[in-house]
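# Chain and residue survey
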Amino acid sequence: MRNGRLEPSRFLTPAEILGTNEADIEDLFTVTDYLNLYNVARSSSALDKADLGPGTRIIKRIEAVHGSFDHGQPADYILRNRTFFLNRLEPTTLNNSESLFNRINAVLSSE
């Protein structure tokens, strides 16, 4: 830490993992995986990829169709139902998550 600030090399973002300019943690999921999570967590009518406009950030694409929503609902659902849901994730989602954890572990081990 310099002057109480986090060193830039220790600050991680989903964009770094995905190789994009911008990304939220939800973007580590494939669109299909996040929409499955969104739909079941909100008990809403099925929102499909075809309903979404273009873009890379899933939250912004959903909000363009349905308006703002509580991002905590999908997060809460996956935490409470992880055994059920995690077994159904696509390899890309799992690989993105693994890349994030590997990067976090690399930063922690460099202390």
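Coordinates for the structure precede this section.
Description of the structure in this document. (Residues numbered from 1 in each chain as written. Predicted model: local features only at pLDDT ≥ 70, side-chain atom pairs only at ≥ 80, totals over all residues. Heavy atoms only, no water.)

### Considering the packing of aromatic side chains
Two descriptors summarise a pair of aromatic rings, namely the distance from one centre to the other and the angle between the planes of the rings. Across all of its chains, the model carries 3 aromatic pairs by this definition. Each ring, one from F29 and one from Y34, has its centre 5.8 Å from the other, and the planes form 65°; the classification is edge-to-face. Aromatic pair Y38 and F69: ring centres 5.0 Å apart, planes at 75°, arrangement edge-to-face. Of the two residues, Y38 sits in helix α2 (residues 31–42) while F69 sits in the loop between α3 (58–66) and α4 (72–80), which places them 31 residues apart along the sequence. A single burial state applies to Y38 and to F69, both of which are buried. (Phe/Tyr/Trp six-rings, centres within 6.5 Å; stacked < 30°, edge-to-face > 60°. Helix = DSSP H or I, 4+ residues; strand = E, 2+ residues; numbered from the N terminus. Buried < 20%, exposed > 50% of the residue type's maximum accessible area, 1.4 Å probe, protein only.)

### What about the nonpolar core?
For soluble globular proteins, the rule of thumb is that nonpolar side chains tend to be buried together. If you look at the biggest cluster of nonpolar residues, it comprises 15 residues, and the most contacted ones within it are Y34, I58 and I62. Those elements giving two or more residues to this core turn out to be α2, α3 and α4. Considering each element in turn, this core owes the most residues, 5 residues, to α2. Setting aside chain neighbours within four positions, we find I58 in contact with E26, D27, V31, Y34, L35 and L52. (Core = buried A, V, L, I, M, F, W, Y, C linked by side-chain atoms within 4.5 Å. Contact = heavy atoms within 4.5 Å.)

### Focus: the pattern of salt bridges
Counted under the stated rule, the structure contains 4 salt bridges. When the shortest N-O distance is used, the salt bridge between R57 and E22 registers 3.4 Å. Residue R57 is found in the loop between α2 and α3, and its partner E22 is found in the loop between α1 (14–18) and α2; the two are separated by 35 residues along the sequence. Given the relative accessible area of 18%, R57 is considered buried. In this structure, D24 and R57 form a salt bridge, with 3.1 Å as the shortest nitrogen-oxygen distance. Of this pair, D24 sits in the loop between α1 and α2 while R57 sits in the loop between α2 and α3, placing them 33 residues apart in sequence. One salt-bridge network, held together by shared partners, links E22, D24 and R57. (Salt bridge = Lys/Arg side-chain N within 4 Å of Asp/Glu carboxyl O.)

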